[in-house]
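This is what each chain is made of:
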Amino acid sequence: MTHTTISVTGATPYDIHVGRGLLAGVRDHLAPTVKKVLIVHTPRLGAKASELRDLLVADDALEVLIAEIPDAEDGKRIEVAAFCWQVMGQADFTRTDAVIGFGGGAVTDLAGFVAASWLRGVQIVQIPTTVLGMVDAAVGGKTGVNTAEGKNLVGAFWAPRSVICDLDVLDTLPRNEIVAGFAEVVKAGFIWFPEILDIVERDPEAAVDPSTDEFRRCIELAIEMKARVVSEDFREAGLREVLNYGHTLGHAIEHAERYRWRHGAAISIGMMYVAELSRLAGRLSDEDVARHRRIFDMLGLPTTYRMDGWQHLLGVMQRDKKSRAGMLRFIVLDAIGKPTVMQAPDESLLFAAYQEITG
């Protein structure tokens, strides 16, 4: 099957390529002026990163270095970024050189931040190797690291030169990792493309099987949604805020769990929460809320959290970067596919919605 190209427009346009066998052409996605490349990856991808390096060094003009960083959120620390800067500094990277983010969402976030900050910006090519990376983290130009106070509080907007989504790399992923990443795909269904929800409801197993047409369709729709949103609003001044559906509480849960939870598990609970919040505010129907729970149950994603966590979660949400002047903001739904902003809701309403998702 031929590959699909989805374009992000705006001040810094770029293409997202979806298909199979795409890694063989990675050199074509780097500018001809590039002389040095840093591949950032996790230990699990060490062998594949070496294969990628071999593909690149076939071009005699390229010097390719590899930086192995810790798995998952442990890699999104300023100390890890400093390690990458050290490698680049010792190799005399210039503004015409490049970074490749090769891994899941945490890797592409970190690699993008390294590229954005080195010499105030060098090119980055993102090669996401997880579902979450393909549909969310690698698309849109958000980069960042975590701090003790919260997730992604330090970062920059930095558009990639290209994003390569080679579905071949998903074939060996454990099913639970694919399902966790699929939470962001389902989010795209709730806020933009209900067709995704229809596909999951018809055959949830086919939807999360990388070998099926259903899976590829869901991935492409989710990427198309994000590409449209970030094309109109690169710096989250307006429309892009809808992408935070489920993320205000979801990020707080990740923080409470010290980032040991999969992002998708936390975000699925976060989406269940704002669905209940939407219902209690008189915006969303009982059936649409039930549809949330049914789809998450079909996929094996969680929908409840512990009752005693509320005060801690509320404090984290109030510090969240999505708050404005100390006022909490939530993306809620008026209907499936119709997201909107709820600003500064009463704390009693927030707690009432939380009670609906405690288990």
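Up top you'll find the structure we're talking about.
In this report, we go over the structure that sits alongside the text. In this text the structure is predicted, and so the values were computed from the model without any measurement.

From N to C terminus, the chain includes 13 helices and eleven strands. Whereas a compact globule of 359 residues would reach a radius of gyration of roughly 21 Å, the chain reaches 20 Å, a difference of no more than 12%. Taking all 359 residues of the chain together, the buried fraction comes to 59%. Just so you have it, the chain exposes about 14,100 Å², and 50% of that area is on carbon and sulfur atoms. Side chains of the chain carry 38 positive and 49 negative charges; the gap between the two charge centres is 4 Å.

On to the pattern of salt bridges, then. Under the counting rule described, the total for this entry stands at 23 salt bridges. For Arg 283, the salt bridge is made with Asp 334, and the minimal N-O distance between the two is 3.1 Å. One end of the pair, Arg 283, is in the loop between α10 (263-280) and α11 (286-299); the other, Asp 334, is in strand β10 (residues 329-335), with 51 residues separating them in the sequence. Among the residues examined, Arg 283 registers a relative accessible area of 31% and is labelled partly exposed. Members of the salt-bridge network, linked through shared partners, are Asp 198, Glu 201, Glu 287, Arg 291 and Arg 294.

Moving on: the sheet that holds strand β1 (residues 4-8). Strand order in the open sheet formed by seven strands is β1-β2-β9-β6-β5-β3-β4, with mixed pairing between adjacent strands. Edge strands, defined here as strands with exactly one partner in the open sheet, are β1 and β4 (63-68). On average, each strand axis in the sheet is tilted by 15° relative to the strand beside it, whichever way the strands run. In the sheet, strand β5 (residues 98-103) pairs with strand β6 (residues 123-128) via six bridges, with the strands oriented parallel. Across the sheet, the residue bridging to Gly 101 is Gln 126, located in β6. This element, helix α3 (residues 105-117), spans β3 (36-41), β5 and β6 of the sheet and lies at about 170° to β5.

Another point: α11. Taking 1.5 Å of rise per residue, 14 residues should cover 20 Å, and α11 covers 20 Å from first to last C-alpha, within 8% of that figure. Those residues of α11 that fall on the buried side of the exposure criterion are Asp 288, Val 289, Arg 291, His 292, Ile 295, Phe 296 and Leu 299. Each buried residue of α11 sits inside an arc of 155° when the element is viewed along its axis, so together they form one side. Elements in contact with the buried residues of α11: α5 (175-191), α6 (195-202), α7 (204-207), α10 and β10. Downstream of α11 by a residue or two, Gly 300 has a phi angle that is positive, lying close to 80°.

This next bit is on a negative patch on the surface. A grouping of Asp 203, Asp 209, Asp 213 and Glu 214 is seen on the molecular surface, where their side chains present a negatively charged patch. Judged by its relative accessible area of 35%, Asp 203 is partly exposed.

All right, on to the pairing of strand β2 (residues 14-19) then. Consecutive residues of a regular strand have side chains that alternate between opposite faces of the sheet. In terms of burial, β2 is largely enclosed, as five of its six residues are buried. Of the pairings in the sheet, the one linking β1 to β2 comprises five bridges and is antiparallel in character. When the sheet's bridge partners are listed, Ser 7 is paired in β2 with Asp 15. Hairpin geometry of β1 and β2 is characterised by an intervening segment of five residues between the two adjacent antiparallel strands and by a positive phi of about 115° at Gly 10. By the bridge criterion, five bridges tie β2 to strand β9 (residues 162-166) in an arrangement that is parallel. For Ile 16, the partnering residue across the bridge sits in β9 and is Val 163.

A general trend in soluble globular proteins is that nonpolar side chains are found buried together. Counting residues in hydrophobic clusters, the biggest one holds 102 residues, and the most contacted among them are Ile 16, Ile 100, Phe 182, Phe 190 and Tyr 273. It is helix α8 (residues 213-232) that provides the largest number of residues to this core, a total of ten residues. Each of two domains, domain 1 (4-172) and domain 2 (175-356), supplies a minimum of three residues to this core. Beyond its immediate stretch of four places on either side in the chain, Phe 182 contacts Val 131, Val 200, Ala 207, Val 208, Phe 215, Cys 218 and Leu 299. Listed in part, the 23 residues of the second largest apolar core include Ala 67, Ala 81, Phe 113 and Ile 124.

Taken N-terminus to C-terminus, the directions of helix α12 (residues 310-319) and helix α13 (residues 347-355) make an angle of 125°; their axes are 12 Å apart at the nearest point. For the element pair α12 / α13, the angle class is oblique. Taken as a pair, α12 and α13 cross one another with a handedness that is right-handed. In this structure, α12 uses Trp 310, Gln 311, Leu 313 and Leu 314 to contact α13, whose residues at the interface are Glu 347, Leu 350, Phe 351 and Tyr 354. A class-by-class count of the residues in the contact of α12 with α13 yields six nonpolar, one polar and one charged.

Reading the values: rules and limits
- Residues numbered from 1 in each chain as written.
- Predicted model: local features only at pLDDT ≥ 70, side-chain atom pairs only at ≥ 80, totals over all residues.
- Heavy atoms only, no water.
- Helix = DSSP H or I, 4+ residues; strand = E, 2+ residues; numbered from the N terminus.
- Rg over C-alpha atoms; globule rule 2.2 N^0.38 Å.
- Buried < 20%, exposed > 50% of the residue type's maximum accessible area, 1.4 Å probe, protein only.
- Areas by Shrake-Rupley, 256 points an atom, 1.4 Å probe, with all protein chains shown as cover.
- Lys, Arg positive; Asp, Glu negative; His and termini not counted.
- Charge placed at Lys NZ, Arg CZ, Asp CG, Glu CD.
- Salt bridge = Lys/Arg side-chain N within 4 Å of Asp/Glu carboxyl O.
- Pairing = 2+ DSSP bridges.
- Axes fitted to C-alpha atoms, helices over the stretch in contact; angles between N-to-C directions.
- Contact = heavy atoms within 4.5 Å.
- Expected span 1.5 Å × (residues − 1).
- Arc of directions from axis to C-beta.
- Patch = residues over 30% accessible without salt bridge, like charges linked within 9 Å, V, L, I, M, F, W, Y side chains within 5 Å.
- Core = buried A, V, L, I, M, F, W, Y, C linked by side-chain atoms within 4.5 Å.
- Domains from an automatic or database assignment.
- Parallel < 35°, antiparallel > 145°, perpendicular 65-115°, else oblique.
- Left-handed = near helix turned anticlockwise from the far one by under 90°.
- Nonpolar A, V, L, I, M, F, W, Y, C, P; charged D, E, K, R; others polar.

Don't take any of this as a statement about function, it's just geometry.
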